[in-house]
Amino acid sequence: MNRLPHETLPPTSLLASRRQAQQRHRILIVGGGAGGLELAARLGRTAGHRGEAEIVLVDAAATHLWKPLLHEIAAGTRYRQQHELDYRQQARLHGFRFHQGRLQSVERGPHRIWLAALCDDEGMEIAPRRSVAYDTLVLAVGGTDNDFGTPGARRHALSLNTPDDAEHFHRRLMALCARADLGTGRPVQVAIVGGGATGVELAAELCTAAPDIAAYGLRLQKLAQPLQLTLVEAGPRLLAALPEAVAERARRDLEQRGVTLRLGQQVAEVHRDALLLRDGSRIDADLVVWAAGVQGAEVLAQTDGLDLTPQRQLKVGPTLQTLRDEDVFALGDCASCRPDPDAPPVPPKAQAAHQQAALLAESLQRRLRGEPLPDFHYRERGNLVTLGRDRAVGALNAGGGSTIFGGAAARFGYWLLHRRHLAVLLGPLRTAALTLGECLSRRARPRVKLH
Ligand SMILES: Cc1cc2nc3c(=O)[nH]c(=O)nc-3n(C[C@H](O)[C@H](O)[C@H](O)COP(=O)(O)OP(=O)(O)OC[C@H]3O[C@@H](n4cnc5c(N)ncnc54)[C@H](O)[C@@H]3O)c2cc1C
């Protein structure tokens, strides 16, 4: 008899063959990021705990890292391991099941997804390509940058989409600093493409890290600027999605710290050692990072005919159900949601993913009871952009107006956003213990990660 691959593995077949053993309604969440993991935790504690549904979370990785920390991991001002949460610990804490695997495709007819074979770092197969069945599917696989097909971008530019990308960037940066220290003696040139929040935050964080990196190197210490940073933005100003006053403060801050801004300039080609701009000029670069554009994850093209926007995001209605299939929901950066046709779409931000996860945790329980689902309404509470270790700038929406603020108060606001995320996942006591641990270990470690 020909057996399907998933029938050969007991843990997987448990997930794949539930139809025979008809059990509880299964809510399958794919993507344990800012939105997906919060949703799994909230549902695990409620519907999962009461036995009303089986909650299963699938993620390609074994650990979760809050994505807005990636520029700090890349610059080395934060240590990745200290901020990673283990999905299996989360599953145990909240009462959901975790299954590691990379989504390859969705088959809506038989209500199942397919996961790629799971291999370890040495290439040894841990689990074969396999399927997981669902009753309700929530796609929360996030997004990536968009290089708009720019020649050389894929080959030569680094990205900042995942913790591995951030770590890779940091390793390259440290290797280039070591080369400068031991040999060339000239500053390391870094070119950042994209003047949105990711590009601006990375540039500012690198300005913060540079003196600390130099403090550990002999030759670099003698340079006025051990890192030479250039930021290229196609639009006329930085932070196009944020109020102009916030963008202006960020521009002033970066320029004062020596970052060269090339606004209104489009990148024509990326080379191994330079960027070529449309106006014919060239920017020499030891390291190029692409931080422009947002689009849905590539796998969203394999969702069995679900409607996508040109940016490859799944189109969802006000209840966050996809337009063609009421059993498939989407949230966060991989969803395009426009609850009010006259308003702009919900922005791809952690704040939006958090609000959508909170709504879905409620509405998926209602769905189990056969009740109508509430609509999503996005509340824009403001925007914060970090500008290094102890500063940030932001606009806070309160009382019908928007207040621009900066400095340590804004940095504290940003820090609170992360703590709120942790509090959903760990509860107040564990979050406090983790915070204390971070403060203590900061005193024992170098201010910047040196390897
Ligand atoms: C450097 C940086 C700074 C940012 N700063 C801010 C900020 O200050 N404020 C703010 O609101 N937002 C910020 N953002 C944006 C914010 O991080 C995202 O909007 C948010 O993380 C989106 O949440 P999500 O749950 O949709 O996706 P993500 O958090 O990206 O999570 C997606 C998850 O899906 C998993 N996954 C992906 N593909 C697959 C697959 N094929 N199979 C299985 N699993 C998969 C990934 O491993 C990941 O765990 C920042 C982003 C970056 C990169």
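None of the values given here were measured: they were computed from a predicted structure. (Residues numbered from 1 in each chain as written. Predicted model: local features only at pLDDT ≥ 70, side-chain atom pairs only at ≥ 80, totals over all residues. Heavy atoms only, no water.)

Observations concerning the pairing of strand β25 (residues 392-398)
So, point 1. Of the pairings in the sheet, the one linking strand β24 (residues 382-386) to β25 comprises 5 bridges and is antiparallel in character. Paired with Gly 382 across the two strands is Leu 396, which belongs to β25.
So, point 2. Once β24 ends, the chain turns through 5 residues before running back antiparallel as β25, passing Gly 388 with a positive phi of about 120 degrees.
So, point 3. Two elements, β25 and strand β26 (residues 401-406), share 6 bridges in a ladder whose sense is antiparallel. Across the sheet, Ala 398 pairs through a bridge with Gly 401, a residue of β26. (Pairing = 2+ DSSP bridges. Helix = DSSP H or I, 4+ residues; strand = E, 2+ residues; numbered from the N terminus.)

A word on the environment of Leu 65
So, point 1. Examined against the element boundaries, Leu 65 turns out to sit in the loop between β3 (63-64) and α3 (70-75).
So, point 2. Take Leu 65: its relative accessible area is 10%, and that puts it in the buried class.
So, point 3. The spatial distance from the C-alpha of Leu 65 to the C-alpha of Gly 33 is 7.4 Å, given a sequence separation of 32 residues.
So, point 4. Residues contacting Leu 65, with those up to four places away along its chain left out, are Leu 70, Ile 73, Arg 80, His 83, Glu 84 and Pro 163. (Buried < 20%, exposed > 50% of the residue type's maximum accessible area, 1.4 Å probe, protein only. Contact = heavy atoms within 4.5 Å.)

Details of a nonpolar patch on the surface
So, point 1. A cluster of nonpolar side chains, contributed by Phe 412, Trp 415 and Leu 416, occupies part of the molecular surface with about 280 Å² of accessible area.
So, point 2. Residue position: Trp 415 is located in helix α12 (residues 407-444).
So, point 3. For Trp 415, a relative accessible area of 31% translates into the label partly exposed. (Patch = residues over 30% accessible without salt bridge, like charges linked within 9 Å, V, L, I, M, F, W, Y side chains within 5 Å. Areas by Shrake-Rupley, 256 points an atom, 1.4 Å probe, with all protein chains shown as cover. Salt bridge = Lys/Arg side-chain N within 4 Å of Asp/Glu carboxyl O.)

Observations regarding the sheet that holds strand β6 (residues 103-107)
So, point 1. Spatial ordering of the open sheet is given by β6-β7-β10, a layout of 3 strands whose pairing is antiparallel. Edge strands, defined here as strands with exactly one partner in the open sheet, are β6 and β10 (130-133). Averaged over all adjacent pairs, the angle separating strand axes in this sheet is 25 degrees, with direction ignored.
So, point 2. Relative to strand β7 (residues 112-115), β6 is paired through 4 bridges, and the arrangement is antiparallel. Considered in β7, the bridge of Ser 105 is made with Trp 114. (Axes fitted to C-alpha atoms, helices over the stretch in contact; angles between N-to-C directions.)

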